[in-house]
Amino acid sequence: MNDILIIGGGLSGTLLAAQLLRLPGQRRVRVFETRAELGRGEAYSATELGHTLNGNAARMSVDPDNPDDLTQWLTAHIAAGGWPESDAQPVPVAELFPPRGLFGVYVQQRLAEARQVGQAHGATVEHVRVEVVDLQVDATGVRLSLADGSQVRGSQAVLATGMFPAARTRQRQSSGLNAAAVDPWDVQAMRGLDPQGRVLIIGSGLTMVDAVVSLDQAGHRGPIQVYSRHGLLPHVRRQPPTWPDFLAADLSLRSPLQVWRALRGQCRQAMAAGIDWQAPLDTVRAHIGRLWSQASEREKRQFVRHARPWWESHHHRSPPPSDALLQRLLAEGRVTIAAASLLGMAPAENGQVGIRVRDRGQARERVDTGVALINSTGIEYDWRRVDRPLPRQLLARGLIRPGPLALGIAAAANGAVENREGRASPRLFAMGPPLRGLWWESTAVTDVAAQAKALALTLAGARG
Ligand SMILES: Cc1cc2nc3c(=O)[nH]c(=O)nc-3n(C[C@H](O)[C@H](O)[C@H](O)COP(=O)(O)OP(=O)(O)OC[C@H]3O[C@@H](n4cnc5c(N)ncnc54)[C@H](O)[C@@H]3O)c2cc1C
């Protein structure tokens, strides 16, 4: 029997398990996940209704063969009396921005259905609730060491370990920052803050937007100071009309600079015709993997250095309800944004937290204080900086090596992980955020769903 060990039971691991259950053939799938439930991870464990998906239902199907899958599920769910608050968004179901917690329920339901399909041909999935701390590969299979001291063998293993939180300052005082910081999604902890107190947020991306929603839900009404290197805020997601796929029409556009120039031209054309610039931008999405893998190391580096902040704020857009709150607070002067670098922690009195920052273009550093600090600087993609047993062991054993630009880990296009010497493993695979360096965009629902389907076919085709 083919025993497949999936490390991580967030969206990636769960969708992979569901795809494997649906493929013909007997197999035992074990998903190692420390959280109580599969299918949630950090993103879909959200309990606040205000923490929504950043795309509408029409964009967030987990079935690569049916883009309407989430819309259909939501329609039935709402008809059965679920999510009564959806009435507040007077739009068709396809245009709703569902709460992320509800999306987790959808994923779990799709897994439950796949279990039924799998049962018919002897394929099973089991949730093993323990951390995997080490992994070894030999000629006959893979051996996992678990935090409870036990070991498990299988024929193949998949790293679906997701994202590791970042906490980078110039001096890498990550532990100090993390220790002082409030979780951006922990509304309960925020209820304990002085509601009029000043809150400091580091980072201005989508996690910051979520943190502002959390503070609002917690009843916080004081000032919020946001610091980020570039001071760029995510744009709001609108519903642009379709636009011709200009990259499909001209395959000679390859380098990031060529694509960038063409895209700017397309956006100008669209705006001149009174059409949203988001329309041409959204056509680029389908080509990102190809463009990124074709680009040279130098081009990738240039893109990350010069275009990344722009890409993040224009492409990773905010859901309209969250954006409406942020815009209101900005207009009221309760949220202010400053372009500054975080230098480290500073001593503060009376239970406050202090940070040292340097404003953009200024030589002098200054100290700012607040009743709380929220770290929303995003993700640590460089596994050499991740302080967890499994990444450390995999690196020490030479079973993995950093991916391009040290973004995640190196792998072949089918997800087979490359060892220290650059050889792709027949037994160890990865999917989702660890493949950031391979695909650039490797975290969104649709990326993960497509990878799960392709990887399941690879694993099912491989000999046990
Ligand atoms: C807050 C947030 C909001 C997001 N919103 C959207 C959105 O609106 N739209 C969109 O398209 N994308 C969104 N994303 C991106 C994307 O959908 C998620 O990152 C996606 O959940 C990735 O799934 P994953 O399973 O790979 O990783 P994760 O969700 O991080 O799950 C990985 C799991 O692996 C487990 N794990 C890790 N290491 C081990 C180990 N050694 N042993 C056992 N278990 C382990 C962890 O406990 C974790 O549950 C969001 C991401 C975040 C963080």
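Residues numbered from 1 in each chain as written. Predicted model: local features only at pLDDT ≥ 70, side-chain atom pairs only at ≥ 80, totals over all residues. Heavy atoms only, no water.

**Details of the domain arrangement of the chain**
By domain assignment, the chain separates into domain 1 (2-51 + 99-165 + 381-461), domain 2 (174-235 + 317-377) and domain 3 (246-315). A separation of 30 Å is found between the C-alpha centroids of domain 1 and domain 3. Listed as interface residues are twelve residues of domain 1 and, on the opposing side, 14 residues of domain 3. Summed over both sides, the interface between domain 1 and domain 3 buries roughly 1000 Å², with carbon and sulfur atoms accounting for 61% of that surface. Across the contact surface, domain 1 and domain 3 share two salt bridges. (Domains from an automatic or database assignment. Contact = heavy atoms within 4.5 Å. Buried area = accessible area lost by both parts, 1.4 Å probe. Salt bridge = Lys/Arg side-chain N within 4 Å of Asp/Glu carboxyl O.)

**Side note on the sheet that holds strand E9 (residues 181-182)**
With respect to topology, seven strands assemble into an open sheet ordered E9-E15-E10-E11-E12-E13-E14, the strand pairing being mixed. This sheet does not close on itself; its edge strands, each paired only once, are E9 and strand E14 (366-370). Bridging between E9 and strand E15 (residues 372-375) involves two bridges; their strand directions are parallel. Looking at E15, one finds that Ala-181 is bridged to Leu-373. Together, strand E10 (199-202), strand E11 (224-228) and E15 form the strand contacts of helix H6 (residues 206-217), whose direction differs from that of E10 by roughly 160°. (Pairing = 2+ DSSP bridges. Helix = DSSP H or I, 4+ residues; strand = E, 2+ residues; numbered from the N terminus. Axes fitted to C-alpha atoms, helices over the stretch in contact; angles between N-to-C directions.)

**Observations regarding the packing of aromatic side chains**
Working definition: an aromatic ring pair is given by the centre-to-centre distance plus the angle between the planes. Under the counting rule described, the total for this entry stands at eight aromatic pairs. For the pair Trp-73 and Tyr-106, a centre-to-centre distance of 5.4 Å together with 45° between the ring planes defines the contact as tilted. Here Trp-73, found in helix H2 (residues 69-79), pairs with Tyr-106, found in helix H3 (residues 100-120); they are 33 residues apart in sequence, far enough to count as distant. Taken individually, Trp-73 and Tyr-106 each receive the classification buried, so the pair is uniform in this respect. An aromatic cluster is built from Tyr-44, Trp-73, Phe-103 and Tyr-106, whose rings are joined through pairwise contacts. Above the plane of the ring of Tyr-381 lies Arg-436, whose end atom (NZ or CZ) is 4.8 Å from the centre. (Phe/Tyr/Trp six-rings, centres within 6.5 Å; stacked < 30°, edge-to-face > 60°. Buried < 20%, exposed > 50% of the residue type's maximum accessible area, 1.4 Å probe, protein only. Lys NZ or Arg CZ within 6 Å of the ring centre and 35° of its normal.)

**Considering the pattern of salt bridges**
Taken as a whole, this structure holds 27 salt bridges when the rule is applied. Salt-bridge contacts for Arg-397 lead to Asp-134; the nearest nitrogen and oxygen are separated by 2.6 Å. Linking Arg-397 in the loop between helix H13 (389-396) and strand E17 (416-418) with Asp-134 in strand E4 (residues 132-137), this pair joins segments that are 263 residues apart in sequence. For Arg-397, a relative accessible area of 36% puts it in the partly exposed group. A relative accessible area of 9% means that Asp-134 is categorised as buried. Between Glu-312 and Arg-436 there is a salt bridge; the shortest N-O distance is 3.4 Å. Taken as a pair, Glu-312 in helix H11 (residues 297-315) and Arg-436 in helix H14 (residues 436-439) lie far apart in primary sequence, 124 residues in all. Residue Glu-312 is classed as partly exposed on the basis of its relative accessible area of 26%. Each of Asp-3, Arg-28 and Arg-30 takes part in one network of salt bridges that share partners.

**With respect to unusual backbone geometry**
Residues other than glycine seldom take positive phi values, yet Asn-350 does so here, at roughly 55°. Looking at where Asn-350 falls in the secondary structure, it is placed in the loop between strand E12 (335-346) and strand E13 (353-359). Unusually for a residue other than glycine, Trp-440 sits at a positive phi of about 65°. The topology assignment puts Trp-440 in the loop between H14 and helix H15 (445-461).

**Topic: the site of the ligand**
Around the ligand sit 31 residues in total, of which Ser-12, Tyr-44, Asn-54, Met-163 and Thr-443 are the nearest. Side-chain polar atom of Ser-12 to an oxygen atom of the ligand: 2.5 Å apart, as the coordinates give it. At 2.9 Å, a backbone N or O of Val-132 approaches a nitrogen atom of the ligand. Compared with its free state, where it exposes 980 Å², the ligand has 89% of that area covered by protein. (Near = heavy atom within 4 Å. Polar contact = N/O pair within 3.5 Å; in protein donor to acceptor, adjacent residues only side chain to side chain. Areas by Shrake-Rupley, 256 points an atom, 1.4 Å probe, with all protein chains shown as cover.)

**Focus on the sheet that holds strand E18 (residues 424-430)**
Taken together, the six strands give an open sheet; going across it, the order is E3-E2-E1-E7-E18-E17, and neighbouring strands pair in mixed fashion. Only two strands of the sheet have a single partner each, and these edge strands are strand E3 (123-128) and E17. Taken pair by pair, the neighbouring strands of this sheet meet at an average axis angle of 35°, ignoring direction. Pairing between E17 and E18: two bridges, direction antiparallel. Directly across from Glu-418, in E18, lies its bridge partner Ala-424.

**Some details on H6**
Over its twelve residues, H6 extends 17 Å from the first C-alpha to the last, a length consistent with the 16 Å expected when each residue adds 1.5 Å. Across the twelve residues that make up H6, a large majority, nine, are buried. Listed as buried for H6 are Met-208, Val-209, Asp-210, Ala-211, Val-212, Val-213, Ser-214, Leu-215 and Asp-216. Looking at the buried residues of H6, the elements they touch are H3, helix H5 (187-191), E10, E11, helix H12 (320-331) and E15. After H6 finishes, the residue Gly-219 shows a positive phi value of roughly 90°. (Expected span 1.5 Å × (residues − 1).)

**Here we look at the environment of Trp-260**
In this fold, Trp-260 is placed in helix H8 (residues 256-272). For Trp-260, a relative accessible area of 29% corresponds to the partly exposed category. Spatially, the C-alpha atom of Trp-260 lies 27 Å from that of Ser-341, the residues being 81 residues apart in sequence.

**Examining the packing of helix H1 (residues 11-22) against H3**
Remark: H1 packs on H3, axes separated minimally by 8 Å, with the N-to-C direction vectors making an angle of 25°. In terms of orientation, H1 and H3 fall into the roughly parallel class. Judged by the sense of rotation from one axis to the other, the crossing of H1 with H3 is left-handed. Of the residues in H3, those in contact with Leu-11, Thr-14, Leu-15, Ala-17, Ala-18, Leu-21 and Arg-22 of H1 are Phe-103, Val-107, Arg-110, Leu-111, Glu-113, Ala-114, Arg-115, Val-117 and Gly-118. (Parallel < 35°, antiparallel > 145°, perpendicular 65-115°, else oblique. Left-handed = near helix turned anticlockwise from the far one by under 90°.)

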